[in-house]
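Structural characterization, general
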Amino acid sequence: MRIAVWSHPYREFPEGADSAQAMTDRLVELREAGVELSFPFVAVSGQVYFHSETLGAPDRELLGPYMEAAREVGVRVHPVIGLGGPVGIGRGLYEPPLDYQDVPEWAMSWPCASWGENHERTVLLANELIERYQPDGLHLDYARYPNADVLVDNPCTCPRCQQARLQWLGKPYPEPYDLRKPGVVFKELQMRIEFVRSFVESVRGLTDHHQIRLSAAVRARYYEDALVEGQDWAEWCDDGLLDIVCPMSYTLSFGSFAKLVAQHRRLLSEAQVQWLAGIGLSSSAGDLDFDALDRQIRFAAQAGAPGVCIFHAAAIGPQELSLIAKLSSL
């Protein structure tokens, strides 16, 4: 079984403890436990941890020494890029309606997928990253609109989304009664899906050009979240846009995890993509205990997933390393 991790070098290696040797020592521990692939976050909440001609000097240069340490110990690295959330570096933002309800502050700083400028800026920065650091691949995260629970009552009202709706709705923004019509909801989701797919296709063109792989973290609840947010990852996999897909099945409930993994197996049964079942060791859902981690990894293997991706590397202690080392041979 393949083992991958999502990692936060800025958190794992704080200032004063971020030497190349510290990174090597930690990656040796992970590699000896069977971890062979790392997806590090390199731009978080306005802080950048890699050098870019466009962005200038980083807040801390972490990707360079991390890449060197990873190559030394045999761990492949796909740095994380994306449109929104903490990795977003775009400009045109999601905008709620004037009379909005329950829209959190973070959503209003989310780069909207309808803006081609956001696509171009992210691809430009990704190209600089590839040329400078030569990673094994890129990892998409937050390649979508804001969360479904925001969008259901508050579709984006940015100028680009409004302009697009004029073509299929005849007005820039759906009224509440419009959103009760299945046809309007279908067209709204179709619009989002087309904008997000265009971004993914742009990144895929870049990775094809550099002959590296493209992986992605995707929403685990396909019908409830992913499609509503424009992230039709099952279609991306069917069409060969991704090499590796990691549905983020973060839950403390074994029953919920099993249900999600079974659905992902069905959605990916015909796709030529490597599926890594995402496991939230320490996530917004809470912290898995040792036995729960064991059960989830074993179930993913039994369900046919060729590997798992664990969120996140900093939460993997000596006990978890021992377990992962044992289960990596499944």
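These numbers were taken from a predicted model, which means no experiment stands behind them. (Residues numbered from 1 in each chain as written. Predicted model: local features only at pLDDT ≥ 70, side-chain atom pairs only at ≥ 80, totals over all residues. Heavy atoms only, no water.)

All right, on to the layout of surface pockets then. Regions of empty space are outlined by a rolling probe, equal in size to a water molecule, passed over the atoms. Taken as a whole, the largest pocket encloses approximately 760 Å³ of empty space. Looking at the lining of the largest pocket, the elements with two or more residues in it are helix H1 (9-12), strand E8 (213-219), helix H8 (222-226) and helix H10 (254-267). No other element matches the four residues that H10 contributes to the lining of the largest pocket. When its residues are assigned to classes, the lining of the largest pocket shows 14 nonpolar, nine polar and eight charged. (1 Å grid on protein atoms, 1.4 Å probe; cavity = no way out; pocket = protein on both sides within 12 Å on 5 of 7 lines; lining within 4 Å. Points joined across faces, edges and corners; volume = space filled by probe spheres on them. Helix = DSSP H or I, 4+ residues; strand = E, 2+ residues; numbered from the N terminus. Nonpolar A, V, L, I, M, F, W, Y, C, P; charged D, E, K, R; others polar.)

Within strand E1 (residues 2-7), six of the six residues are buried, which leaves it mostly tucked inside the rest of the structure. Note: E1 against strand E13 (residues 307-311), five bridges, orientation parallel. Along E13, the bridge assignment pairs Val-5 with Ile-310. (Buried < 20%, exposed > 50% of the residue type's maximum accessible area, 1.4 Å probe, protein only. Pairing = 2+ DSSP bridges.)

Glancing now at empty space enclosed by the protein. This model, assessed by the stated rule, comprises one cavity of 30 Å³ or more. The wall of the largest cavity is formed by Val-42, Ala-43, Phe-50, Val-80, Ile-81, Gly-82, Val-87, Ile-89, Thr-122, Leu-125, Ala-126 and Leu-129. Secondary structure elements with two or more residues in the lining of the largest cavity: strand E6 (80-81) and helix H4 (116-133). Of the residues forming the lining of the largest cavity, the biggest block, four residues, is contributed by H4. Class assignment for the residues of the lining of the largest cavity results in ten nonpolar, two polar and no charged.

Turning our attention to the sheet that holds strand E5 (residues 76-77). The parallel open sheet is built from nine strands, whose spatial order is E5-E2-E1-E13-E10-E9-E8-E7-E6. Either end of the sheet is taken by a strand with one partner, and the two such strands are E5 and E6. Bridge count between E6 and strand E7 (residues 137-140): two bridges; the pairing is parallel. Following the sheet pairing, Val-80 is matched in E7 by His-139.

This part is about the nonpolar core. Core analysis: the largest hydrophobic core is formed by 111 residues, its most contacted members being Leu-138, Leu-140 and Trp-233. The element best represented in this core is helix H7 (residues 182-210), accounting for seven residues. (Core = buried A, V, L, I, M, F, W, Y, C linked by side-chain atoms within 4.5 Å.)

A word on helix H11 (residues 290-302). Over its 13 residues, H11 runs 19 Å from end to end, which matches the ideal 18 Å to within 8%, given 1.5 Å per residue. In this structure, the buried residues of H11 make contact with H10, strand E10 (274-280), E13 and helix H12 (318-327). Looking at where H11 begins, the residue whose side-chain oxygen comes 3.2 Å from the main-chain nitrogen of Asp-291 is Asp-289. One or two residues past the end of H11 sits Gly-304, with phi positive at roughly 105 degrees. (Expected span 1.5 Å × (residues − 1). Contact = heavy atoms within 4.5 Å. Polar contact = N/O pair within 3.5 Å; in protein donor to acceptor, adjacent residues only side chain to side chain.)

Before going further, it helps to examine the environment of Gln-211. Along the polypeptide, Gln-211 turns up in the loop between H7 and E8. For Gln-211, a relative accessible area of 75% gives the class exposed. For Gln-211 and Ala-277, which are 66 residues apart along the polypeptide, the C-alpha to C-alpha distance reads 25 Å.

Here we take up the state of the cysteines. By the definition in use, this model includes zero disulfides. Free cysteine Cys-156: the closest other cysteine sulfur is in Cys-158, separated by 3.6 Å. The class for Cys-156 is buried, based on a relative accessible area of 1%. Free of any disulfide, Cys-161 has its nearest neighbouring cysteine sulfur in Cys-112, separated by 3.7 Å. (Disulfide = S-S within 2.5 Å.)

The subject of this paragraph is the packing of aromatic side chains. Two aromatic rings, taken as a pair, are described by how far apart their centres are and by the angle between their planes. Inspection of every chain in the model, using the stated rule, returns twelve aromatic pairs. Ring plane angle 85 degrees and centroid distance 6.0 Å describe the contact between Trp-6 and Tyr-250, whose orientation is recorded as edge-to-face. Linking Trp-6 in strand E1 with Tyr-250 in the loop between strand E9 (244-248) and H10, this pair joins segments that are 244 residues apart in sequence. A network of ring pairs unites the aromatic residues Trp-6, Phe-39, Tyr-250 and Phe-311 as a single cluster. Sitting above the plane of the Trp-115 ring, Arg-160 keeps its charged end 4.1 Å from the centroid. (Phe/Tyr/Trp six-rings, centres within 6.5 Å; stacked < 30°, edge-to-face > 60°. Lys NZ or Arg CZ within 6 Å of the ring centre and 35° of its normal.)

A few words now on the side chain of Arg-219. The topology assignment puts Arg-219 in strand E8. Here the side chain of Arg-219 touches Glu-229 through a polar contact of 2.9 Å, side chain to side chain. Those residues in contact with Arg-219 that sit more than four places away from it in its chain are Arg-144, Asn-147, Ala-148, Asp-225, Ala-226, Glu-229, Gln-231, Trp-233 and Met-248.

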